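For reference, the chains in residue letters:
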Amino acid sequence: MARVQGASKPRGRINVMDDGLIAEVVAQVLKDFASGAGVPAACSTGAAPAAGEGIFDNMDDAVEAAVVAQRDYLLCTMADRRRFVEGIREVILQQDNLERISRLSVDETGMGFYEHKLIKNRLAAEKTPGTEDLVTEALSGDAGLTLVEFSPFGVIGAITPTTNPTETIICNSIGMLAAGNSVVFSPHPRATEVSLLTVRLINRKLACLGAPANLVVTVSKPSIDNTNVLMAHPKIRMLVATGGPAIVKAVMSTGKKAIGAGAGNPPVVVDETADIGKAACDIVNGCSFDNNLPCIAEKEIVAVAGIADRLIAEMKKNGAYELTDQAVIRKLEKLVLTDKGGPQTSCVGKSAKWLLGQIGITAPDCAKVILMELPKEHPFVQEELMMPILPLVRVADVDEAIAVAIEVEHGNRHTAIMHSTNVCKLTKMAKLIQTTIFVKNGPSYAGIGAGGEGYATFTIAGPTGEGLTSARTFARRRKCVMVEALDVR
Ligand code: NAD
């Protein structure tokens, strides 16, 4: 802070300025703010925005532009940051934009369900935390006052998936910009158009609000090569990967600060104390949400024998199409599994009706999930299919159900669901499975704020331990220490 002339500061005493001097300083500061002096041109509301769309032909140029943007952004005020974050929410929530990105997401990737994309994009825009997430810690005492504050990392490289392409860009942009960073996105090549459109919409809005140009950038032709350039770039301070095991491992091997939001295989346990009708309805709704694309969606049921038949009957009333013929189940295996036993990309995110149609079954429109009873070793149980195929594993009791759920979750620490009214068993499962999200007596999507309390995130970092990411995850904790003063207790 500039020293005010004539105001000497005796040791051990609080410095007191006279009223006239205070008025003079305040008047000057207000004048500077009104004229825009002292802040970058782009942050003063009157300045003409540098209208870029944030899309570059090569990754190096994208990173360099984001570096300049972030330097300017450091000089913007917290009020500016709040305006920019609100701007991102507004532009996405504009009905025509919401519909456009949701429609294009389904059309381009060939995955998911339009009405549910609308819900997911709205959720990302409305419920991702902004600057309010950066709560300052204050420690005061005889030695003075210390503030611990969340400061930006710098330029973040964010790698985004094909399953939630726009939701991840919206959610990451809000959190990363709220924390004072700029971000370079490397989208999945199969979601190029919709990712570029989302980046473009965000940039146009930020430009109108007078933000530094290129706070959110990407490349015109996303590719694995471009992702590799991004990961190796010396000016990228932090990498955030939202995707499968390969990309999580890749970012963790770079030697940089890396956040890995990886695969899940969420089990849902149902015991004899559950409200079976509600559990059945919640499970069908959660599993069929966006055709099972969300990494948090129910992927397999582990049910105790005493209620398994009743649960199956109730699920059928709620849109489950049951397969009992082993030959038909084998046909489905051939359709949806690769030779290595993993999910066939062409079937990921397709509807139950479409999948059944491919094996010669004409299902009614109300068929939302394909249900069948299988042993726990079956690939439908073990693999993360991301299709509305729901195997049920029958077990003797709730303790066995919890053990099987832990086994098939594979230590991903991602998401698990349990329907039970036995608080001891709910507690046991939550403690032992250690997933980032644990939903009790609701559909999985309650865990990201849809019908459940709490904020939304589309980057759930199990492997690297940040868990539910938000603005503060993309920041560094820094200390500002004022010695011997400002403790006023
Ligand atoms: P994916 O791993 O195929 O792709 C994700 C991103 O990583 C894409 O941008 C892709 O181009 C890139 N990529 C993948 N392998 C790479 C490599 N070897 N080198 C460089 N770049 C690479 O995943 P996907 O099919 O797009 O998404 C589905 C997966 O993501 C599922 O496993 C799902 O559980 C997971 N996911 C996790 C979360 C979470 O928050 N934990 C959220 C969404 C999706």
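The text that follows walks through the structure, step by step, so that each part is easy to find.

Calculation criteria
- Each chain has its residues counted from 1, following the order in which its sequence is written.
- At least 70 in pLDDT is required for a residue's local features to be given in this predicted model, at least 80 for side-chain atom pairs to be given and counted, and no such filter applies to totals for whole chains, interfaces and linings, which use all residues.
- Heavy atoms from the whole structure form the basis of all side-chain values; hydrogens and water molecules are not counted.
- Being near a molecule or strand, for a residue, means having at least one of its heavy atoms within 4 Å of it.
- Here a polar contact is taken to be a pair of N or O atoms separated by no more than 3.5 Å, where protein atoms must pair a possible hydrogen donor with a possible acceptor and residues adjacent in sequence count only if both atoms sit in side chains.
- Accessibility throughout is a Shrake-Rupley quantity obtained with a 1.4 Å probe, and a residue counts as covered only by protein chains that appear here.
- Only protein atoms enter the 1 Å grid used here. Points where a 1.4 Å probe fits but cannot escape make up a cavity, open sets with protein on both sides within 12 Å along at least five of seven lines make up a pocket, and a residue lines them when an atom lies within 4 Å of a point.
- Criterion for pocket placement: a molecule counts as inside a cavity or pocket if more than half of its atoms are within 2 Å of its grid points.
- Numbering of helices and strands starts at the N terminus; helices are DSSP runs of H or I of at least 4 residues and strands are runs of E of at least 2.
- Each domain's limits were defined by an automated method or a database of domain assignments.
- Grid points are joined across faces, edges and corners, and a volume is the space filled by probe spheres set on the points.
- Just so you know the grouping, Ala, Val, Leu, Ile, Met, Phe, Trp, Tyr, Cys and Pro go in nonpolar, Asp, Glu, Lys and Arg go in charged, and all remaining residues, Gly too, go in polar.
- For every residue, the accessible area (1.4 Å probe, protein chains only) is compared with the maximum for its type, and the residue is labelled buried under 20%, exposed over 50%, or partly exposed between those bounds.
- Strand pairing follows a simple DSSP-based rule, namely that at least 2 bridges must link the two strands.
- Any Lys or Arg side-chain nitrogen found within 4 Å of a carboxyl oxygen on Asp or Glu counts as a salt bridge.

Let's talk about the site of the ligand
Here is step 1: As a matter of local geometry, the ligand sits amid 28 residues, with Thr160, Thr162, Gly244, Glu384 and Ile460 nearest to it.
Here is step 2: Threonine 160 has a polar backbone atom sitting 2.8 Å from an oxygen atom of the ligand.
Here is step 3: Its free accessible area being 840 Å², the ligand has 86% of it covered by the protein chains.
Here is step 4: Put simply, the ligand lies in the largest pocket.
Here is step 5: Looking at which element gives the most residues to the shell around the ligand, the answer is helix α8 (residues 224–232), with three residues.
Here is step 6: Taken together, domain 1 (49–262 + 469–480) and domain 2 (267–448) each give at least three residues to the shell around the ligand, which thus spans both.

Let's talk about the layout of surface pockets
Here is step 1: Counted as a void, the largest pocket has a volume near 1,000 Å³.
Here is step 2: Lining the largest pocket are 43 residues, with His188, Gly243, Gly244, Pro245 and Ile247 positioned closest to its centre.
Here is step 3: Those elements that provide at least two residues to the lining of the largest pocket are α8 and α9 (245–252).
Here is step 4: Grouping the constituent residues of the lining of the largest pocket by class yields 20 nonpolar, 20 polar and three charged.
Here is step 5: Domain assignment of the residues forming the lining of the largest pocket places at least three in each of domain 1 (49–262 + 469–480) and domain 2 (267–448).

Concerning the pairing of strand β3 (residues 144–152)
Here is step 1: Within β3, seven of the nine residues are buried, which leaves the element mostly enclosed by the surrounding structure.
Here is step 2: Examined bridge by bridge, strand β2 (residues 137–141) and β3 share five bridges and lie antiparallel to one another. Counterpart to alanine 138 in the pairing with β3 is leucine 147.
Here is step 3: Connecting β2 to the next strand, β3, in antiparallel fashion are two residues.
Here is step 4: Direction of pairing for β3 relative to strand β18 (residues 475–483): antiparallel, over a ladder of nine bridges. Within β18, the residue paired with leucine 147 across the bridge is cysteine 480.

Remarks on the pattern of salt bridges
Here is step 1: This structure, assessed with the given rule, holds 23 salt bridges.
Here is step 2: Across the pair aspartate 80 and arginine 83 runs a salt bridge whose closest N-O atoms are separated by 2.9 Å. Residue aspartate 80 and its partner arginine 83 are located together in helix α3 (residues 78–93), separated by three residues, close to a single helical turn.
Here is step 3: Owing to a relative accessible area of 27%, arginine 83 belongs among the partly exposed residues under this scheme.
Here is step 4: A salt bridge links arginine 489 to aspartate 487, with the nearest nitrogen and oxygen atoms 3.2 Å apart.
Here is step 5: Taking the relative accessible area as the measure of exposure, aspartate 487 reaches 24% and is therefore partly exposed.
Here is step 6: If you follow the salt bridges from partner to partner, you end up with Lys117, Lys120, Glu167 and Asp290 in one network.

Looking at the pairing of strand β12 (residues 369–373)
Here is step 1: Across the five residues that make up β12, a large majority, four, are buried.
Here is step 2: Summarising the sheet, strand β11 (residues 320–322) and β12 pair through three bridges and their orientation is parallel. Within β12, the position partnered with tyrosine 321 by the bridge is isoleucine 370.

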